[in-house]
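Per-entry structural report
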Amino acid sequence: MKQNKQDSAMKWVLIGISVLFFVLMLVFPLFEVLYRSLKDGWELYSSALVAEYTLSALKVTLIATVISLLVNTFFGMVASWLITKFDFRGKNVLSTLIDIPFSISPVIAGLAYIMTFGRTGWATPVIEWVNETFGTDISFVFSVPGVVLVTIFVTFPFISREVIPVLNAAGRDEEIAAAMMGASGFTIFRKITFPHMKWGLLYGMILCAARAFGEFGAVYAVSKARGKTFTLPLEIDALYMAGNADSITQAFAVSSLLVGLAVIILILKNIVEYRGKQKD
């Protein structure tokens with residue numbers, strides 16, 4: 001009986017600590033963002049959301065997020081399928097390389113792209129030749145394509161790292177049986193592999209999108225022009241660093257956009273988790 005009381009007391013202490021930490025570290029800061037964004041009235045808030053720089057930053061953010069999501073979904077599925085369903089030399093190396101964006105600072109990733117595609121980068125002669133030959137104006141540094149590239153880099157592991165454990169848990173027996181019965185590789189993937197991975201894939205896509213929306217360091221390194229290549233996090237930083245009262249309020253107003261996107265992503269995440277558990 002005494003032990004049960006001690007366990008109950010410990011449980012409530014842990015719950016209290018968890019709730020206090022959650023409120024102090026998450027709820028209060030987010031509430032402060034919403035409060036500061038609306039404290040000077042709806043007119044200033046709405047004007048900040050429809051400002052030219054804000055709309056441009058939102059456009060670049062959506063472009064980078066959508067493209068990185070499409071690219072990483074395709075290559076995430078390919079890499080996951082390859083690693084879990086086939087044996088080959090260098091498999092462990094490939095699996096390790098997927099995690100590189102987790103271990104490298106995003107700023108360093110941005111600088112690496114500048115050194116690769118910038119004025120003195122090894123890829124610059126190739127890009128210049130393509131532009132001269134085809135009359136194009138391709139640029140990967142201080143441009144939207146550069147923002148897209150670094151966003152793809154920092155978000156690449158999220159889908160693979162959600163799909164690989166799911167496919168490992170499913171094993172290979174069904175695929176082997178289907179192959180022995182004469183099914184083609186694409187049929188095996190469509191009928192067996194993809195149904196196993198689809199909930200992990202959706203979950204990884206949500207995490208990938210969330211990371212892309214909030215990326216700052218890598219984008220900051222390759223972005224230059226406000227109103228052209230700035231994403232929402234960079235626009236918030238520019239408004240806040242301007243220092244005057246209106247711009248700071250506008251920074252919080254634009255921040256509320258990211259808070260809203262985060263809430264939507266959180267809802268989608270919970271729906272996917274719930275549906276995935278139901279299917280299991």
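Coordinates for the structure precede this section.
My aim in this report is to walk through the structure given alongside it, one point at a time. (Residues numbered from 1 in each chain as written. Predicted model: local features only at pLDDT ≥ 70, side-chain atom pairs only at ≥ 80, totals over all residues. Heavy atoms only, no water.)

Along the polypeptide, Phe189 turns up in helix H11 (residues 185-214). Between the C-alpha atom of Phe189 and that of Trp81, which follows or precedes it by 108 residues, the distance is 8.7 Å. With residues near it in sequence (within four places) discarded, Phe189 still touches Met77, Trp81, Phe194, Pro195 and Met197. (Helix = DSSP H or I, 4+ residues; strand = E, 2+ residues; numbered from the N terminus. Contact = heavy atoms within 4.5 Å.)

Looking now at helix H7 (residues 124-134). Taken as a whole, H7 has its buried residues at Thr124, Ile127 and Asn131. Along the axis of H7, the buried positions cluster into a sector of 65°, meaning they face one direction only. In H7, those exposed residues whose orientation departs by more than 90 degrees from the buried face are Pro125, Trp129, Glu132 and Phe134. The inward-facing, buried residues of H7 contact helix H6 (106-117). Of the residues flanking the end of H7, it is Gly135, one or two places downstream, whose phi is positive at about 70°. (Buried < 20%, exposed > 50% of the residue type's maximum accessible area, 1.4 Å probe, protein only. Arc of directions from axis to C-beta.)

By size, the foremost hydrophobic cluster in this structure holds 17 residues, and its most contacted members are Ile114, Val147, Val150, Val219 and Val222. At the level of elements, helix H3 (52-85), H6, helix H8 (144-155), helix H12 (217-222) and helix H13 (232-242) are the ones that each hand at least two residues to this core. Counting residues per element, this core draws most heavily on H8, which supplies five residues. Non-local contacts of Ile114, meaning those with residues more than four positions away in its chain, are made with Val141, Ala221 and Val222. If you look at the next biggest cluster of nonpolar residues, it comprises 10 residues, including Val163, Phe189, Leu201 and Cys208. (Core = buried A, V, L, I, M, F, W, Y, C linked by side-chain atoms within 4.5 Å.)

Turning next to unusual backbone geometry. Positive phi outside glycine occurs at Phe142, with the angle close to 55°. Exposure remark for Phe142: the relative accessible area of 40% places this residue in the partly exposed category.

Turning next to the pattern of salt bridges. The final tally for this structure, using the stated rule, is seven salt bridges. In this structure, Lys91 engages Asp87 in a salt bridge whose closest nitrogen and oxygen atoms are separated by 3.5 Å. Exposure remark for Lys91: the relative accessible area of 18% places this residue in the buried category. On the basis of relative accessible area, Asp87 is assigned to the exposed category, the value being 60%. A salt bridge links Arg226 to Glu235; its shortest N-O distance comes to 2.8 Å. Each of Asp87, Lys91 and Arg172 takes part in salt bridges that share partners, so that together they form one network. (Salt bridge = Lys/Arg side-chain N within 4 Å of Asp/Glu carboxyl O.)

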